[in-house]
Amino acid sequence: MSGQRAGRAQLVREWFLGAALTEPRTLADALGLGEDAPELQRLRQAEHTQLVRIERLHAAAQHAFEQRTRAAVCRALEQAVRVGLRETAAARSFDAARLEDEADAAAQRLGADAALAGSRGLNTGLAFGVLLSPVVLVLALAMGQAVPPLLHSTIGCPEEVSLLYALVCFAGGAMGAVFSVIIRLRDAYQLIRRGPLRSVTPDIPSDPGQLAQAMRQEGWYRVVVGWLLASSLFLLINGGILTLLTPPAAPDGLCGAAPLTPAGHQAVIKAWFFWGSVGFLAGLNERWAYGLLRRGNEQQPAGPGTG
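Bear in mind the structure is a predicted one, so any value in this text is a computation, not a measurement. All residue numbers refer to positions counted from 1 along the written sequence of the respective chain. Where totals are concerned, whole chains, interfaces and linings use all residues; where local detail is concerned, this predicted model gives features only for residues with pLDDT of at least 70, and gives and counts side-chain atom pairs only at 80 or more. Heavy atoms throughout the structure, all of them, feed into the side-chain values; hydrogens and water do not.

Draft legend 1. Broad picture of the overall build of the protein. We count a stretch as a helix when DSSP gives it H or I for four or more residues in a row; a strand needs E for two or more, and each element gets its number in order from the N terminus. Counting its secondary structure elements, the protein contains 11 helices and zero strands. Across the protein, helices and strands are ordered from the amino to the carboxyl terminus as α-α-α-α-α-α-α-α-α-α-α. Here's how the labels work: a residue is buried when its accessible area is under 20% of the maximum for its type, exposed when over 50%, partly exposed in between, all with a 1.4 Å probe on protein chains only. In the protein, which comprises 307 residues, the share counted as buried stands at 37%. Considering only intrachain contacts with a sequence separation of at least 6, the fraction spanning at least 24 residues in the protein is 75%. Accessibility throughout is a Shrake-Rupley quantity obtained with a 1.4 Å probe, and a residue counts as covered only by protein chains that appear here. About 17,800 Å² of surface is accessible on the protein, with carbon and sulfur atoms providing 60% of the total. Any two residues having at least one pair of non-hydrogen atoms within 4.5 Å are treated as being in contact.

Pasting the structure below:
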């Protein structure tokens with residue numbers, strides 16, 4: 001039973017983080033030959049470029065994200081080289097196209113494996129950000145209730161309403177950021193190929209482990225950016241600095257003892273949707289949010305010492 005649990009835990013770990021690292025082997029070691037074996041030297045002289053390419057792909061395959069990709073690519077490349085060794089040893093006509101086809105297939109499969117690593121890392125980072133959002137919301141609400149008494153102050157009904165609106169805007173920023181990543185960063189591998197982790201050799205993809213880690217960071221970082229943009233817009237709009245957007249007015253009797261009228265309930269719901277939409281747009285479209293932030297900065301009143 002414990003072995004089965006350990007096996008399932010290993011599968012879960014490999015699903016998120018990729019297969020564990022193993023001691024790399026050269027192509028000659030995998031074939032049971034020495035680097036200076038005569039048959040390997042003859043094949044190297046006949047197809048030097050293709051063999052060097054296969055050796056690089058074989059080394060890259062041992063770092064693939066999925067274990068089955070490692071085994072399948074290495075096995076296919078080793079089999080192709082074995083066939084080539086037998087043909088050169090028997091002095092038969094050598095089919096050079098077979099090596100090229102196997103190398104092309106291996107490069108394509110390794111590229112798909114790297115794309116899978118990037119996508120899985122991105123999804124993991126987004127999921128972490130989504131799960132972290134309600135925790136941060138609860139902590140913010142708890143701090144809003146606990147901090148004023150420590151400062152010998154109290155928080156009234158209007159302040160509680162403003163805090164709830166801020167949290168609604170905050171949550172909308174997280175949702176907008178996740179949606180933005182889903183619709184704009186669908187091909188995570190292509191994004192990384194243009195970034196600092198791009199591979200020097202066109203045939204060899206980026207290291208899948210580093211790729212997955214970078215995309216995990218990218219995923220939760222996007223959610224954090226959505227939080228910050230939404231919170232910044234809430235402060236500017238609610239503080240009256242940014243007048244381009246006008247929040248709905250609070251209904252009369254919101255903090256009174258009497259129950260709210262139907263019109264008052266509609267006004268509260270409208271305010272919730274307003275701040276949720278502001279946060280969602282802030283997380284969804286960074287350019288829109290940055291543009292509003294710049295306008296808010298330009299609309300700040302001049303200080304007494306400015307001309």
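Draft legend 2. Region of interest: the packing of helix H5 (residues 67–89) against helix H6 (residues 96–150). In contact at an axis separation of 10 Å, H5 and H6 are set at 170° when each is read in the N-to-C sense. Between H5 and H6, the crossing angle belongs to the class labelled roughly antiparallel. Seen from H5, the contacting residues are Arg68, Thr69, Ala72, Val73, Ala76, Leu77, Ala80, Val81, Val83 and Glu87; seen from H6, they are Arg98, Leu99, Glu102, Ala103, Ala106, Arg109, Leu110 and Asp113. Side-chain classes are defined by residue name, with Ala, Val, Leu, Ile, Met, Phe, Trp, Tyr, Cys and Pro counting as nonpolar, Asp, Glu, Lys and Arg as charged, and the others, Gly among them, as polar. Classifying every residue of the contact of H5 with H6 by side-chain character gives 11 nonpolar, one polar and six charged. Between the N-to-C directions of two axes lies an angle of 0 to 180 degrees, each axis being a line fitted to C-alpha atoms and, for a helix, fitted only over the stretch in contact. For classification purposes, angles smaller than 35 degrees are called roughly parallel, those larger than 145 roughly antiparallel, those between 65 and 115 roughly perpendicular, and all remaining angles oblique.

Draft legend 3. Fine view of the pattern of salt bridges. By definition here, a salt bridge exists when the distance from a side-chain nitrogen of Lys or Arg to a carboxyl oxygen of Asp or Glu is within 4 Å. Scanning the entire structure with this criterion turns up five salt bridges. Between arginine 68 and glutamate 66 there is a salt bridge whose closest N-O contact spans 3.2 Å. When the shortest N-O distance is used, the salt bridge between arginine 222 and glutamate 218 registers 2.8 Å. Note that arginine 222 and glutamate 218 are positioned in helix H9 (residues 208–238) at a spacing of four residues, about one turn of the helix. Linked through salt bridges whose partners overlap, the residues forming this network are Glu66, Arg68 and Arg120.

Draft legend 4. Highlighting the confidence of the model for the protein. Averaged over every residue, the pLDDT of the protein is 81; residues scoring 70 or more account for 83%. The predictor rates its confidence in each residue with pLDDT, a number between 0 and 100. Every residue in residues 194–198 scores below 50 in pLDDT, and together they form eight contacts with partners more than four places removed in sequence or on other chains.

Draft legend 5. Structural detail: the environment of alanine 171. Residue position: alanine 171 is located in helix H7 (residues 157–184). Under the relative-accessibility criterion, alanine 171 is labelled partly exposed at 23%. For the pair alanine 171 and valine 223, spaced 52 residues apart in sequence, the C-alpha separation works out to 9.8 Å.

Draft legend 6. Examining the packing of helix H3 (residues 38–46) against H5 more closely. Two elements in contact, H3 and H5, have axes whose closest approach is 9 Å; the angle formed by their N-to-C orientations is 95°. As summarised for this structure, H3 and H5 are arranged roughly perpendicular, according to the angle between their axes. Here Glu39, Leu40, Arg42 and Leu43 of H3 come into contact with H5, specifically with Val81, Gly84, Leu85, Thr88 and Ala89. The residue makeup of the contact of H3 with H5, split by class, is five nonpolar, two polar and two charged.

Draft legend 7. Fine view of the packing of aromatic side chains. Any two of the Phe, Tyr and Trp rings considered here, Trp counted by its six-membered ring, make a pair once their centres fall within 6.5 Å; the pair's planes then place it as stacked at under 30 degrees, edge-to-face at over 60, or tilted in between. According to the stated counting rule, one finds five aromatic pairs in the structure shown. Relative to phenylalanine 16, the ring of tryptophan 15 lies with its centre 5.0 Å away and its plane at 75°, an arrangement referred to as edge-to-face. Residue class for tryptophan 15 comes out partly exposed when judged on its relative accessible area of 44%. Aromatic side chains phenylalanine 179 and phenylalanine 280 sit 6.0 Å apart centroid to centroid with 40° between the ring planes, which places their arrangement in the tilted category. Highlighted residues: phenylalanine 179 in helix H7 and phenylalanine 280 in helix H10 (residues 262–284), separated in sequence by 101 residues. Phenylalanine 179 sits in the partly exposed class, given a relative accessible area of 40%. Looking at phenylalanine 280, the relative accessible area reads 28%, which means it is partly exposed. An aromatic cluster of at least three residues, connected via ring pairs, comprises Phe234, Phe274 and Trp275.

Draft legend 8. Here's a closer look at the nonpolar core. Among buried residues, the Ala, Val, Leu, Ile, Met, Phe, Trp, Tyr and Cys ones that are joined through side-chain atoms within 4.5 Å form a nonpolar core. Core analysis: the biggest nonpolar cluster contains 24 residues, and Ile54, Leu57, Val81 and Leu110 have the highest contact counts within it. Ranked by residues supplied to this core, first place goes to H5 with six residues. For isoleucine 54, the contacting residues outside a window of four places in its chain are Leu27, Leu77, Val81, Leu99 and Ala103. If you look at the next biggest cluster of nonpolar residues, it comprises 18 residues, including Tyr165, Phe234, Val268 and Ala282.

Draft legend 9. Here's a closer look at the environment of glutamine 145. Residue placement: glutamine 145 occurs in helix H6. In this structure the C-alpha to C-alpha distance between glutamine 145 and leucine 163, which are 18 residues apart in sequence, comes to 9.9 Å. Residues within four places of glutamine 145 in sequence aside, it is in contact with Ile155 and Glu160.

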